Each structure stands twice: as structure tokens, then as C-alpha cells.
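Chain by chain, the residues run as shown.
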Protein chains: 2
Amino acid sequence: MIRGTTKLIAHLGYPTESFKAPMIYNPYFASRAIDAVVVPMGCKAPEYPAFLKLLFKLTNIHGALITMPHKVSTIALLDEVLTTAQVAGACNAVRLGADGQLIGDMFDGEGFVRGVLRKGRVVKDARALVVGCGGVGSAIAASLAKAGVGQLTVFDPDARAMDALASRLRTHYPRLSLVAGSADPSGQDIVANATPLGMKPGDPLPVDVSRLDPGAFVGEVVMAQEITPFLEAARARGCAYQIGMDMLFEQIPAYLDFFGFPTTTPDELRRLAQFGH
Amino acid sequence: MIRGTTKLIAHLGYPTESFKAPMIYNPYFASRAIDAVVVPMGCKAPEYPAFLKLLFKLTNIHGALITMPHKVSTIALLDEVLTTAQVAGACNAVRLGADGQLIGDMFDGEGFVRGVLRKGRVVKDARALVVGCGGVGSAIAASLAKAGVGQLTVFDPDARAMDALASRLRTHYPRLSLVAGSADPSGQDIVANATPLGMKPGDPLPVDVSRLDPGAFVGEVVMAQEITPFLEAARARGCAYQIGMDMLFEQIPAYLDFFGFPTTTPDELRRLAQFGH
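Residues numbered from 1 in each chain as written. Chains lettered and ligands numbered in written order. Predicted model: local features only at pLDDT ≥ 70, side-chain atom pairs only at ≥ 80, totals over all residues. Heavy atoms only, no water.

A. Quick look at the UniProt feature "domain: Shikimate dehydrogenase substrate binding N-terminal" (unreviewed entry) in chain A. The positions UniProt marks with the feature "domain: Shikimate dehydrogenase substrate binding N-terminal" (unreviewed entry) are residues 13–94 of chain A. The span residues 13–94 of chain A shows a helical share of 30% and a strand share of 22%, and its end C-alpha atoms are spaced 13 Å apart. (UniProt positions renumbered as here; feature names shortened; annotations may be inferred. Helix = DSSP H or I, 4+ residues; strand = E, 2+ residues; numbered from the N terminus.)

Here is the structure:
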């Protein structure tokens, strides 16, 4: 029930039609009588910097969830960029600090790491490969580094994106064993597909699955279907895995915490979510 | 259920704590499966012009409800000001036109007039007195003029506000018999209190109730209590009346129509409203 005291969390991006966050957060807020609401706001890039600034002057604004195409451009608009967002070079959550400052962090990768841990895998000292160094791949790499992986390999056919991520990782995690430029999954404990491959029928697989260790854990960011061709092939080799939707639900408790709300489990959020199907 | 396709109606004003519109519109939208939501946004005056402009660039914005302190300043920010808003000198609803233009109208007075009509009174050719020429009084005067009153008297101790309203009324309704400067209710068929008198204990009455015709109909804008001292005194003389909340619910079908939504009766809206008491 929205009222005059309700804390506003803007969900900023464009287009908005496929937004899922309102149907996850709002039923949870209702179930706990938390006086807050997530509201989609379709904002295009030219208006975004000015709109974000004025939005955070509203007297009932509490925070914002940031999605495409604004995750990267938000960084330059903040007063304080937390480490994971710095390494990722992108931000997907902004909250108002005590003195009106805008504080941003990045939780896509946190969702990936929490999912791996929940499936019983160890992340600390593991060898991990992230294929795709765009926004979500950078976020996963940043969170794997934060979680203490022993070796991190990043790959992107776009060498500039890959090198920029590697450089940010070296700056913030100078002691991390970092490899940039190989997509070979052989010998990796954790392999993340952070490319869009799998969204369209006929896409090639993101890695050579025949070189995947059967004991490896693979994770997917694509949500177009639950079991993408990559997960299908990895599963056929005996790999454990997590689907894109797991990553989504795993990260939400982290946002709740960031925004200062009582938090809960991904399972409760999943039970309450109303996707209308 | 808010989703990515939901049409956004911003409720703009400051402070927001006492806003009632979300608890009236949103349960109605839910009951009819209308994919729209009213969201309070606490906007202060310095940010308002820029925020209004950017808000209406959002791809899912549908309209705005405008309240204190922005009803007057909105007029200068619109592309098209409908007649009642021009006469009132204030606007409390804005919608997006087909070509992106901002179109504004004013419905406070419409609610007053619809309430009088619903109580079985005739407005056309009646003699009406409006005490208070601020935003709401001007709106009531504008709507009474539109509804065809035979004579309209307006009064405000602030002569500048009163004369400005009288001038706008003369411009738009040159054939209206208009009196400015008397608060004498004697001989009036309809008397509206559009002053804040009655909000605080010990306030004087807005008119000399001893001169009120027992056959007159009186209406109140104050909502601090259902039966204000003015209504109490008028009722004691035998007058029929409407309370401030009647005016609120009577105007909502007019907004629904303005925004292009399926409309309904004030009674259904009242039944669905969730004020949380």
C-alpha cells in the first residue's frame, strides 16, 4: 500500500517492459509491512544525468536500482563509489547518504558469488574464469576477487574492455593472480558465462565445453531460458551449475542490506515473487 | 502489482506525508486491473520546474497530480492550459499530449460542483458565494462559472488575490454577473468556505452564519474534521451541506476521465479507498 510516507526506490533504465525487480521487491515489502516501493522509471540516456540528480532531491527518495543502459554512466554521477563498483566500472544500486551524497555499489557479481557458495562450492582460493568483460562480467570478476579467488582469468574478444577490467582488478587487488586473454576452461573450478551468447537460437557456446573439467561449477547470466545451451552442455559433462535467475535472486538480499531494509533469503523472495505466470 | 509496463502517475507536492490520492487511486486501479500507479514524489519548489520537465520525458510517465506548493507555479510550465485551470490560475493535473506536450487542468472546483449536484441542488442560474480566493477558492469559482451560476460573489481579505480572480473570471465569462468584495451569505443559494478557517480550534467562522438562508446549501474545503464549526453552525440553521472529503471523492472520476482511464462513481472509490484506519 503506497502512501505519503512510502520510501521510493526508483528502478531506472530503458526499456522498462522486461523489468523484474518490482515483482520481487514489492511483494516482499508488502509481506513484511516495509513502507517502501520499487517503481520503474523509463529514462533514456540524454536525460539520465540531470534526472538522477533531481530524483535524489525528492524528499521521499530512498534509493535507485540502475539497469541498462545506465550502469556505466552512473559511476561518474556519484559522490562515493564503493570498491566493487569501482572494479566493475559500473553501478547498479544507489542510495542517499546521511548528508545527501549519492553512494553507489554493484551487486550483479555478488549474486553470482552467493549462488556459488549456496550450492556448496568454495570460492576462496579457487581458480575462476569469467568470459565476457562487459558490465555483468566485470561485476562477477570484481566479486570473485573480493571473495578471495586464488586465480582469476578474464576473457573478452573486445581487448580494450578486457584490458580495462584487468587494469582495475590489478589496482584494487594487486596480490591477485590474474590472467587476461584465455577462454580455455581447462583446469578452472568456476566458469562464468557473462556474454550474451545463449540469448539467441544458434549462438555459439561461450567456451569450448569439451575442455571443461567435470568437477567444475558453471554459472550463467543469460535469463532468456533456464537451461541455456551452455548449461545443457556443461551438465552433460557432469558439471554442477547455476542458472541466470539464481544470480538474480541471490543478489537481492545484498541490495536490501545496502538500502538498510530488513533482509531475507533468496528462497523467501522467490516464493513471494509475482511474475504473473 | 507494479511491473515494467505500468503507467506512472506522479503525485507531486511537499510535504507528502498527508497525501491521500495513492490510497484512493491505487486500490481502484487494482480492482479494475488497470496497469497504472500513483506514486508520491516529494518535490520542493526550487527543483520543481526542472523535475517536472524531466519527469515527463520518462518513457512510462502518464500524468501527474499536482498539489501544494506547486498548483500555481505549474501553470507557467505547461504547453496547454485548459480553461478552468486558466480561470483558477492553478493546475492540479497534468497529462502528456500525443506530441509530448504537457496539458493541465484543475479539478478541485469540479469536485465541489459535482458534490452540490449529487446532493440534488441546481447550480445553473443559482446565486453562489465563494469565500477565499486562493487556489481552491479560485478553482471552485471557476467551476461554478463553468457550470452556469446566475450570480457569483467572491471574497477574500487579500484584495489582490480577489481582484485577480475577478479579472480572470471576467475575461473568460464576460456575461457572468460577478460581485467581488462581499462575504455576506444572505440571499445566496450556495456558499463555499474555501479559506483555511476551521483547520485550527478557535478559528473564527468564515461567514456570518446568522445571515445564512436556511434553504442555502453550504460546502466546506477543510478536511481536518468532517463537521467543521462552520458546517455545524450551518446545519443548526437547517442548511444542507457537503464535507471536504465529499469534494475530494467527487473530483476523482473527473481526473480518471482526464487521464483516459475507465471512470467510476465516487461511491465505488470511497468503498475501495484504503486510508488505513
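B. Focus on the packing of helix 5 (residues 135–146) of chain A against helix 6 (residues 159–172) of chain A. Residues and elements named next belong to chain A. Between helix 5 and helix 6, the shortest axis-to-axis distance is 11 Å and the interhelical angle comes to 20°. Relative to helix 6, the element helix 5 lies roughly parallel. In this structure, helix 5 meets helix 6 at a crossing whose hand is right-handed. Here helix 5 contributes S138, A141, A142 and A145 to the contact with helix 6, which in turn contributes L165, R168 and L169. (Axes fitted to C-alpha atoms, helices over the stretch in contact; angles between N-to-C directions. Parallel < 35°, antiparallel > 145°, perpendicular 65-115°, else oblique. Left-handed = near helix turned anticlockwise from the far one by under 90°. Contact = heavy atoms within 4.5 Å.)

C. Region of the structure containing the side chain of S138(A). Residue and element names in this part refer to chain A. With respect to the element layout, S138 can be found in helix 5. Within polar-contact distance, the side chain of S138 engages the backbone oxygen of C133 at 3.1 Å. Excluding residues within four positions of it along the chain, S138 makes contact with A88, G132, C133, L165 and R168. (Polar contact = N/O pair within 3.5 Å; in protein donor to acceptor, adjacent residues only side chain to side chain.)

D. A look at the packing of aromatic side chains. Under the criterion given, the structure shown has 15 aromatic pairs over all chains. The interplanar angle of 45° and the centroid separation of 6.2 Å between the aromatic rings of Y28(A) and F29(A) together place this pair among those described as tilted. Taken individually, Y28(A) and F29(A) each receive the classification buried, so the pair is uniform in this respect. Seen in terms of ring centroids, Y25(B) and F29(B) are 6.1 Å apart; in terms of plane orientation they differ by 50°. Their pairing is tilted. On the criterion of helical spacing, the pair formed by Y25(B) and F29(B) is a turn pair, its members being four residues apart in helix 1 (residues 21–32). Residue classification places F29(B) among the buried residues on the basis of a relative accessible area of 1%. By way of ring pairs, the aromatic residues Y25(A), Y28(A), F29(A), F107(A), Y255(A), F258(A), F259(A) and F261(A) are connected into one cluster. (Phe/Tyr/Trp six-rings, centres within 6.5 Å; stacked < 30°, edge-to-face > 60°. Buried < 20%, exposed > 50% of the residue type's maximum accessible area, 1.4 Å probe, protein only.)

E. Highlighting the pattern of salt bridges. All names here are of chain A. Taken as a whole and assessed by the stated rule, the structure comprises 20 salt bridges over all chains. R127 is the partner of D189 in a salt bridge, and the nearest nitrogen-oxygen pair spans 3.3 Å. Of the two residues, D189 sits in the loop between strand 9 (177–180) and strand 10 (190–193) while R127 sits in strand 7 (residues 127–131), which places them 62 residues apart along the sequence. Classification of D189 as partly exposed rests on a relative accessible area of 28%. Exposure remark for R127: the relative accessible area of 38% places this residue in the partly exposed category. Taking the shortest distance from any N to any O, the salt bridge between D184 and R211 comes out at 2.8 Å. (Salt bridge = Lys/Arg side-chain N within 4 Å of Asp/Glu carboxyl O.)

F. Summary view of helix 6 (residues 159–172) of chain B. Residue and element names in this part refer to chain B. Taking 1.5 Å per residue as the helical rise, helix 6 with its 14 residues ought to reach 20 Å, and the 20 Å between its terminal C-alpha atoms agrees with that figure. Every buried residue belonging to helix 6 is among M162, L165, A166 and L169, and all of these are buried. Each buried residue of helix 6 sits inside an arc of 100° when the element is viewed along its axis, so together they form one side. Those residues of helix 6 that are exposed and angled more than 90 degrees off the buried face are R160 and T171. Contact partners of the buried residues in helix 6: helix 3 (83–88), helix 5 (135–146), strand 8 (151–155) and strand 9 (177–180). For helix 6, the N-terminal capping position is held by D158, with its side-chain oxygen 3.1 Å away from the main-chain nitrogen of R160. (Expected span 1.5 Å × (residues − 1). Arc of directions from axis to C-beta.)

G. View of the environment of A159(B). Relative to the assigned elements, A159(B) resides in helix 6. Residue classification places A159(B) among the partly exposed positions, given a relative accessible area of 40%.

H. Looking closely at the domain arrangement of chain A. All names here are of chain A. Here the domain parsing of chain A yields domain 1 (7–106 + 248–272) and domain 2 (109–242). Averaged C-alpha coordinates put domain 1 and domain 2 at centres separated by 25 Å. Both faces considered, domain 1 and domain 2 share a buried interface measuring about 1,300 Å² in area, 64% of it formed by carbon and sulfur atoms. Considering only the side of domain 1, the residues that lose the most area to domain 2 are T84, V87 and E250, jointly responsible for 45% of the buried surface there. Inspection of the domain 1/domain 2 interface yields one salt bridge. (Domains from an automatic or database assignment. Buried area = accessible area lost by both parts, 1.4 Å probe.)

I. The arrangement of the side chain of T228(B) in detail. Residue and element names in this part refer to chain B. In this structure, T228 sits in the loop between strand 11 (217–220) and helix 7 (229–236). A polar contact is formed between the side chain of T228 and the side chain of E220, at a distance of 2.6 Å. For T228, the contacting residues outside a window of four places in its chain are E220 and V222.

J. The state of the cysteines, seen in detail. Residues and elements named next belong to chain B. Summed over the entire model, instances satisfying the criterion amount to zero disulfides over all chains. We note that C91 lacks a disulfide partner, and the nearest cysteine sulfur, in C43, lies 14 Å from it. Taking the relative accessible area as the measure of exposure, C91 reaches 0% and is therefore buried. (Disulfide = S-S within 2.5 Å.)

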